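Residue-level listing of the chains:
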Amino acid sequence: MRKQIAAANWKMNLTLQEAEILIDELMDITHDLKENQKAVFAVPFPFLISVKNKIVDKKNFFVAGQNCYDKKAGAYTGEVSAEMLKSIVVDYVILGHSERREYFNESHPMLAAKINICLENGLKPIFCCGESLAIREAETQNSYVETQLKESLFHLSAEQLTGFVIAYEPIWAIGTGKTASNEQAQEMHAHIRNVMTNQYGAVVSESISILYGGSVKANNAKDIFGQPDVDGGLVGGASLVAAEFAAILNSLK
Ligand code: 13P
């Protein structure tokens, strides 16, 4: 069975003190996960070591960076490298989140380079894709997402994509309280898997975990995660509330 993953994306929220309270509370109310399940915490860079230390004893709990730079090292003031993340035993890195594409002009080639440097350092990318409301209304979301996948992932080998993680996050559902319907999510996830099957074959595409992101909450997670091609979620707002995220973890297949 594909890995089922609930990933918390804290974005740029909380102080260290608040983060420690949240993670302590969450550790108190969560159990070890099943073999096929994972919890991932994409927390701000300054909190990574502290959060990692607090989750280290829980089975299948991991930390993630929310980004990293596409260069190895050097005079890039303010940036964080893949090698730095590896050195503090980070497991995953979110790449291509729509907020980074929009506010920081992250392009397809830049994301391809970031994926490469993460893989070279043994970090697992969580590659985000997803369309805006205007694209959804024009009904061109399938080709739009296909281009995102092609431009940033298709240079990879079948081996590199085996067990890869993709997050589909429709921009119109992020932070809006408006989720894609179960049918809309399933339809796009099946499309993404189909795009990967056409390029890499079914063995690879069936190994890829495709997470849904966009207003996932405790009260809708079970239905969304229950769709056949949805392998968990990338969760923003609800991941900042311990009881909400614990319930979302309990909703994994
Ligand atoms: P919300 O869950 O707050 O809609 O955010 C989704 C998201 O962007 C996760 O990366």
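Rules used throughout
Residues numbered from 1 in each chain as written. Predicted model: local features only at pLDDT ≥ 70, side-chain atom pairs only at ≥ 80, totals over all residues. Heavy atoms only, no water. Buried < 20%, exposed > 50% of the residue type's maximum accessible area, 1.4 Å probe, protein only. Helix = DSSP H or I, 4+ residues; strand = E, 2+ residues; numbered from the N terminus. Pairing = 2+ DSSP bridges. Polar contact = N/O pair within 3.5 Å; in protein donor to acceptor, adjacent residues only side chain to side chain. Contact = heavy atoms within 4.5 Å. Near = heavy atom within 4 Å. Areas by Shrake-Rupley, 256 points an atom, 1.4 Å probe, with all protein chains shown as cover. Nonpolar A, V, L, I, M, F, W, Y, C, P; charged D, E, K, R; others polar. Core = buried A, V, L, I, M, F, W, Y, C linked by side-chain atoms within 4.5 Å. Axes fitted to C-alpha atoms, helices over the stretch in contact; angles between N-to-C directions. Parallel < 35°, antiparallel > 145°, perpendicular 65-115°, else oblique. Left-handed = near helix turned anticlockwise from the far one by under 90°.

**Q** What is the right way to look at the pairing of strand β6 (residues 165-168) in this model?
**A** When a strand is regular, its side chains alternate between the sheet's two faces. Burial of the side chains of β6 extends over both faces: V165 and A167 are buried on one face and I166 and Y168 on the other. The pairing of strand β5 (residues 124-129) with β6 spans four bridges and is classified as parallel. Note on β6: the bridge partner recorded for C129 is Y168. Where β6 and strand β7 (residues 209-213) come together, four bridges link them in parallel fashion. Bridge assignment links Y168 to a residue of β7, and that residue is Y212.

**Q** What is the right way to look at the side chain of S215 in this model?
**A** Within the secondary structure, S215 sits in the loop between β7 and α11 (221-225). Look at S215 and you get buried, because its relative accessible area is 11%. Looking at S215, its side chain comes within polar contact range of the main-chain oxygen of A173, at 2.7 Å. When neighbours within four sequence positions are excluded, S215 is seen to be in contact with A173, G175, T176, G177, K178, T179 and N220.

**Q** I tried to follow the site of the ligand on my own but got confused; where do I start?
**A** Taken together, 13 residues lie around the ligand, and K11, H97, G175, S215 and G237 are the ones closest in. In the model, an oxygen atom of the ligand is placed 3.0 Å from a nitrogen or oxygen of the N9 side chain. For the ligand, an oxygen atom lies 2.6 Å from a polar atom in the backbone of G175. For the ligand, whose unbound accessible area comes to 300 Å², protein coverage reaches 97%. Considering only residue class, the shell around the ligand consists of four nonpolar, seven polar and two charged.

**Q** What am I meant to see in the nonpolar core here?
**A** Soluble globular proteins tend to pack their nonpolar side chains together in the buried interior. Judged by nonpolar contacts, the single largest core of 67 residues is most densely connected at F41, L149 and L153. With near-sequence residues (within four places) excluded, L153 lies in contact with I115, F127, L161, F164, I166, M196 and Y200. V40, A42, I126 and V165 belong to the second largest nonpolar core, which has 14 residues in total.

**Q** Would you mind showing me how to read the environment of K3 here?
**A** By the element assignment, K3 lies in the segment before β1 (4-9). Overall, K3 belongs to the partly exposed group, its relative accessible area being 35%. Placed 204 residues apart in sequence, K3 and S207 show a C-alpha to C-alpha distance of 8.1 Å. Beyond its immediate stretch of four places on either side in the chain, K3 contacts E35, N36, K38, S209 and D231. Here E35 takes part through its backbone oxygen, which lies 3.4 Å from a polar atom of the side chain of K3.

**Q** Would you mind showing me how to read the packing of helix α1 (residues 16-29) against helix α12 (residues 242-250) here?
**A** A packed helix pair is summarised by two numbers, namely the angle formed by the two axes and the spacing between the axes. Following both chains from N to C, one finds α1 and α12 inclined at 45 degrees, their axes separated by 9 Å at the closest point. What the angle tells us is that α1 and α12 run oblique. As for the relative orientation of α1 and α12, their crossing is right-handed in sense. Of α12, the residues touching α1 (which contributes L22, E25, L26 and I29) are A242, A243, F245 and A246. By residue class, the composition of the contact of α1 with α12 is seven nonpolar, no polar and one charged.

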